[in-house]
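Here's the letter readout for the chains.
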Amino acid sequence: METILEMRNIVKRFEDVVANDHVNLEVRKGEIHGLLGENGAGKTTLMNVLYGIYQPDEGEIIFEGRKVRFRNPRDAISAGIGMVHQHFMLVPRMNVLQNVILGYRTPSDPLINHKWVESKVEELSEKYGIDIALYEVVMNLSVGEEQRVEILKALFRDVKLLILDEPTAVLTPQEVDSLFYALKSMTKSGLTIIFITHKLKEALKVTDKITVLRKGKNVGTVITAETSERELARMMVGRDVVMDVAKPEVKFGKEVLRVEDLWVKDDRGGFAVKGVSFSIREGEIFGIAGVSGNGQKELEEAIAGLRTPARGRILLNGKDITRLGVEKREEIAYVPEDRIGVGLAPSLSVLENLMLKDFKKYRKGLVLDYEKMEDRAKELIEEFSVKTPSLHSPASTLSGGNIQRLILARELSRSPRLIIASQPTRGLDVAGIDYVRRRLVESAAKGCAVLLISEDLDEIFQISDRIAVIFEGDIRGIMDRKEADYERVGYLMAGGLEVAV
Amino acid sequence: MLDVGFVSSLLASSIRAGTPLLYATLGETLTERSGILNLGVEGIMITGAFTGFAVSVLTGNPWLGVLFAGFAGMALAFIHAFFSVTLKANQPITGLMIVLLGLGITGFFGRSYIGEVAVYINPIHIPHLSTLPYLGEILFTHDPLAYIAVILAAVLWFLLFKTRYGLEIIATGENPEAADSVGVDVDRVRYICTLMGGFLVGIGGAYLSLAYAKLWTEGMTAGRGWISLALVIFSGWMPQRAVLGAYLFGGLDVLSFKLQAIGVGIPYHFMKMVPYVVTIVVLLFSVIRKRAAFGAPAALGIPYVRGKKE
């Protein structure tokens, strides 16, 4: 097979950070080439350089045997490179057709030739098996459908090389399977695909070759059929990783949280949580699996006290807290999904963020006793190993992992009875993930009840005692981890109904 | 009092009073569709009114006046575009600065033109049609600029909803990152829309001094720029709805004078309030109904910086 793309010695710096440090990448025509690495390893930066979003500081790109230099995405597109970004680049208020042809010139330009577009899309649908209603408004589509629109957008422009940036992050296991099937069939018709991921299992499942990046450097390229999860993990992290946080058997105590027939509205006034009931005991981790946007946010906010339920009750230690404010819910620790927006005051300092819930304890007359607060903050930073330039740096300057440690430090140090942890490891590197999970397990062992809301099935299965699946605001089946399997949970996540076994 | 003659003369003058609003509303609609919020309409309009008047006085050609009013509007819009698009500055503040700038400059240079007489743009009576009973008076006795405004609304509708340019403009106002990712030059689109928008607002001003009031006084826009901003919301960022909205608001303005003249006991201040009250009610509806077709462009007023998250 001939080489379609070669990136040689690519260097990209952002101020004093080197995001890509002399990276080489060689991709052959018709293969699915995995680009594997942790968050911050420089995968997306490398692809943005290729796609013309960033200019490389050094190095050269050879595409189809010619040295190229893309000044912007338009150049890359016209050369035949397409990219499906991690965050979809769609206009929600436009329909599928408008999104597909945005920036494209149809034969009747500047008028839009709908007939021509329709027939071209039909051709592509037949060739690649992508089916989508052209006149549906994008805001009414599911995430899986939105992704198909993005892929269609690229195919429509006759790309030869398609870059997919973490395409499975938002999909259910079933949708992932159908995506992989579509990708394989695309390569059969000569398309080349670069598949960015940090998930080892996916890389092994769908790619032909894998290039691993670590800290902006190329660690090596391997043939998928000849490698293993263990080898890839070692390349990615740079050392052997034990990828298990064991949850010790704990005897569950009395009930801490009880949710009874809870109905919660979303911002648009529709019900996002529809009659949810469950309870969590001391020492138990209760995992709620589900694709984002199925009512998780509203549910966690209702329990944390940020959103008033329309109906139903929330009991903490037997006391009705349904209508109490956040301040009155002292015994709840909340690690929100939106770390920067809800979990922190990003422009305040690390110290202030740590003391956000406790500062009233440090009153000295009319002012605050900063000396005492600093002492306490130093202890916390030590205990939770938060890496920060100083106590007075703005919290927003910390990395994702350290922001999460900061939030954990504030929340867990207040000896809570219930911990709500929502997507607690999303976007963290392996070390950070390990740390967060360990902390949650430890807290449970000490008798805390933990509500873990996560899209990451591996995480749910790793540390939960019981697993529930949420779909469209409804809890579909609560099962013991021991009797749960991926297939069943995946089926429920995709909206399948529990069938009596 | 409500005889047919009164109503048809009211409707005819509604169109005249609504035309300057229509120009300004169309201009601001184009600007806002690309994601730029230009609050400076009042300042641009008054600059257009003065420039048009002065050029007509100096050259004796009112159409040259209209053209230069457009250019003057464009010049002020360029300041706004430069701050908003290139410098990514706070758009409401830049817009308010344009208002003060426009009012100040025209107040200063306009002093010597107060009481001057320019060559004006006069109504034309369209043969045959204008002699139709009632309908003739309402629809076919206006000046050319009034007709051009309606044609412009149709052109703008076509441009926005039927062409690739419109698609690119709307996408830029909704999700500039998405537009950028498929090769649309976001900054260029925003510059062009803001400048063209300023041109139209400027003409709206010239209409005021050269065709409607036929005089120049300081501050003669008297809040019409602000009403146009409300009209953009009222019409749901749709040029076709702007036509009706402008005539409706123009009509309310005229009605307040007419009712006063025939001695109806409503203080005219209340009549002056009506456009704003109507706008608030429309805003309320659009918020309650949350209909996609009614909302503001999603990225309105937000500077676009490539590669910046959130």
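Preceding this paragraph is the structure being described.
Residues numbered from 1 in each chain as written. Chains lettered and ligands numbered in written order. Predicted model: local features only at pLDDT ≥ 70, side-chain atom pairs only at ≥ 80, totals over all residues. Heavy atoms only, no water.

**Remarks on the pairing of strand β9 (residues 209-214) of chain A**
Residue and element names in this part refer to chain A.
- Counting buried positions over the 6 residues of β9 gives 5, a clear majority of the element.
- As defined by bridge partners, strand β3 (residues 32-36) adjoins β9 across 4 bridges and the pair is classed as parallel. Counted as the bridge partner of Gly34 is Ile210 from β9.
- In terms of strand pairing, β9 meets strand β10 (residues 217-223) through 6 bridges, oriented antiparallel. Bridging from a neighbouring strand, Leu213 pairs with Asn218 of β10.
- Two successive antiparallel strands, β9 and β10, enclose a turn made up of 2 residues, where Lys215 displays a positive phi of approximately 50°. (Buried < 20%, exposed > 50% of the residue type's maximum accessible area, 1.4 Å probe, protein only. Helix = DSSP H or I, 4+ residues; strand = E, 2+ residues; numbered from the N terminus. Pairing = 2+ DSSP bridges.)

**Some thoughts on unusual backbone geometry**
Residue and element names in this part refer to chain A.
- The omega torsion of the bond from Asp109 to Pro110 falls at 10°, within 30 degrees of zero and hence cis.
- Note on placement: Pro110 falls in the loop between α3 (96-101) and α4 (114-128).
- Even without glycine at this site, Gln423 takes up a positive phi of about 40°.
- For Gln423, the position within the fold is in the loop between β19 (418-422) and α14 (430-445).
- The class for Gln423 is buried, based on a relative accessible area of 3%.

**Topic: the packing of helix α6 (residues 144-162) of chain B against helix α7 (residues 164-174) of chain B**
Residue and element names in this part refer to chain B.
- In contact at an axis separation of 5 Å, α6 and α7 are set at 75° when each is read in the N-to-C sense. In terms of their interaxial angle, α6 and α7 are classed as roughly perpendicular. Mapping the contact onto sequence places Leu159, Leu160 and Phe161 in α6 and Tyr165, Gly166, Leu167, Ile169 and Ile170 in α7.
- Tallied by class, residues from the contact of α6 with α7 come to 7 nonpolar, 1 polar and no charged. (Axes fitted to C-alpha atoms, helices over the stretch in contact; angles between N-to-C directions. Parallel < 35°, antiparallel > 145°, perpendicular 65-115°, else oblique. Contact = heavy atoms within 4.5 Å. Nonpolar A, V, L, I, M, F, W, Y, C, P; charged D, E, K, R; others polar.)

**Let's talk about the pairing of strand β22 (residues 474-480) of chain A**
Residue and element names in this part refer to chain A.
- Pairing between strand β21 (residues 466-471) and β22: 5 bridges, direction antiparallel. From the neighbouring strand, Ile467 faces β22, where its bridge partner is Met479.
- As consecutive antiparallel partners, β21 and β22 are separated by 2 residues, and within that stretch Glu472 has a phi angle of approximately 50°, a positive value.

**What about the nonpolar core?**
- Core analysis: the biggest nonpolar cluster contains 99 residues, and Ile101, Ile151, Leu155, Leu162, Leu183 and Met186 of chain A have the highest contact counts within it.
- With 11 residues, helix α9 (residues 186-212) of chain B is the single largest residue contributor to this core.
- If near-sequence neighbours (up to four positions away) are discounted, Leu183 of chain A is found in contact with Ile32, Leu164, Ile193 and Phe195 of chain A.
- Leu380, Leu412, Tyr435 and Leu452 of chain A belong to the second-largest nonpolar core, a separate cluster that totals 49 residues. (Core = buried A, V, L, I, M, F, W, Y, C linked by side-chain atoms within 4.5 Å.)

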